[in-house]
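Letter by letter, the chains look like this.
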Amino acid sequence: DGFYVRGLDRFAPVRLLNTGAGLPSWSDDDHHIAVVQGDHIVVLDPAQGEPVTVCTIPNEGLTGLTFLGNDQLLVTHYRGGLSRVAVSGGELKLVCSQLPTEEDLHTPQALPDHKHALVVAHAKRGESALILVDLADGRRHELWRALGLVRVTYAKNGYVLLERFAEQDILVAPYRAGADRLG
């Protein structure tokens, strides 16, 4: 059991953590990895290997974790909305709550402007939404809806991948970072 990385230039993996970890995310400069380890978020430098505890996570568990630049993390947690926390440590600070019709928010994706994030708003019933969240004031704008939408992945080449569980497919759509619609 543990959390390992393996360079493409070598066969043997390197153990970074002695226990399992989940939801890995690379920093923008690719020097650090954030992961969930037990009931904490930790950040580590694969070259150094020493994990630094950022914060304790809510009992409900996380549904997403990503870097916002190199010094902050965006976190979605079950029934807890979208929060941010400094990589240097601290408390989770709520940016945007889920609506009463939503179970939770999933898979935050920070956009290159560091002012917005894409998030899946998981509906209690019916279609879930892809939303754009303004990180300064928490305002949200719906971009798209679909049954079974579970994950969004933003690519810096101007596209999003939208994974739908119900249809067992992945859609690709053009998206200009910060725009108020897909396409």
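Residues numbered from 1 in each chain as written. Predicted model: local features only at pLDDT ≥ 70, side-chain atom pairs only at ≥ 80, totals over all residues. Heavy atoms only, no water.

## Brief notes about the overall build of the protein chain
Then, number 1: Helices and strands together make up the secondary structure of the protein chain, namely zero helices and 17 strands.
Then, number 2: Here the C-alpha atoms of the protein chain give a radius of gyration of 16 Å, agreeing with the 16 Å that 2.2 N^0.38 yields for 183 residues.
Then, number 3: Referenced to the eigenvectors of the C-alpha coordinate spread, the extents of the protein chain come out at roughly 45 × 35 × 30 Å.
Then, number 4: Across the 183 residues that make up the protein chain, the buried fraction comes to 45%.
Then, number 5: Within the protein chain, contacts between residues separated by at least 24 positions form 31% of all contacts whose residues are at least 6 apart in sequence.
Then, number 6: Element-wise, carbon and sulfur atoms account for 50% of the exposed surface of the protein chain, whose accessible area totals about 9,900 Å². (Helix = DSSP H or I, 4+ residues; strand = E, 2+ residues; numbered from the N terminus. Rg over C-alpha atoms; globule rule 2.2 N^0.38 Å. Buried < 20%, exposed > 50% of the residue type's maximum accessible area, 1.4 Å probe, protein only. Contact = heavy atoms within 4.5 Å. Areas by Shrake-Rupley, 256 points an atom, 1.4 Å probe, with all protein chains shown as cover.)

## Considerations on the side chain of Ser 27
Then, number 1: Relative to the helices and strands, Ser 27 is located in the loop between strand E3 (22–26) and strand E4 (33–37).
Then, number 2: Looking at Ser 27, its side chain comes within polar contact range of the side chain of Asp 29, at 2.6 Å.
Then, number 3: Among residues more than four places away in sequence, those in contact with Ser 27 are His 32, Phe 67, Gly 69 and Asn 70. (Polar contact = N/O pair within 3.5 Å; in protein donor to acceptor, adjacent residues only side chain to side chain.)

## Observations concerning the nonpolar core
Then, number 1: Leu 118, Leu 130, Val 152, Val 160, Leu 162, Tyr 175 and Leu 182 are the most contacted members of the largest nonpolar core, which has 15 residues in total.
Then, number 2: If you list the elements that add at least two residues to this core, you get strand E12 (116–123), strand E13 (128–134), strand E15 (149–155) and strand E16 (159–164).
Then, number 3: Once you skip the residues sitting within four places of it in the chain, Val 152 turns out to touch Thr 107, Gln 109, Leu 118, Val 119, Val 120, Leu 130, Val 160, Leu 161 and Leu 162. (Core = buried A, V, L, I, M, F, W, Y, C linked by side-chain atoms within 4.5 Å.)

## Some words on the layout of surface pockets
Then, number 1: Its boundaries defined by the atoms lining it, the largest pocket holds a volume of some 600 Å³.
Then, number 2: When residues of the lining of the largest pocket are traced back to their parent elements, those giving at least two are E3, strand E7 (62–68), strand E11 (102–110) and E15.
Then, number 3: For the lining of the largest pocket, the residue count by class is twelve nonpolar, eleven polar and four charged. (1 Å grid on protein atoms, 1.4 Å probe; cavity = no way out; pocket = protein on both sides within 12 Å on 5 of 7 lines; lining within 4 Å. Points joined across faces, edges and corners; volume = space filled by probe spheres on them. Nonpolar A, V, L, I, M, F, W, Y, C, P; charged D, E, K, R; others polar.)

## Considering the sheet that holds strand E10 (residues 93–96)
Then, number 1: In space, the four strands of this open sheet follow the order E7-E8-E9-E10, with antiparallel pairing throughout. Looking at strand neighbours, the two that pair on one side only are E7 and E10, the edges of this open sheet. Geometrically, the sheet is characterised by an average inter-axis angle of 30 degrees between neighbouring strands, direction not taken into account.
Then, number 2: Strand direction decides the pairing type here: strand E9 (residues 81–86) and E10, joined by three bridges, are antiparallel. The partner of Leu 82 across the bridge, within E10, is Cys 96. (Pairing = 2+ DSSP bridges. Axes fitted to C-alpha atoms, helices over the stretch in contact; angles between N-to-C directions.)

## Focus: the confidence of the model for the protein chain
Interpreting fine coordinate detail is not advised for predicted regions of low pLDDT.
Then, number 1: Of the residues in the protein chain, 99% have a pLDDT of 70 or more, and the chain-wide mean is 89.
Then, number 2: Averaged pLDDT values over the elements of the protein chain bottom out at 73 in strand E1 (residues 3–5) and peak at 97 in E13. (pLDDT = per-residue confidence, 0-100.)

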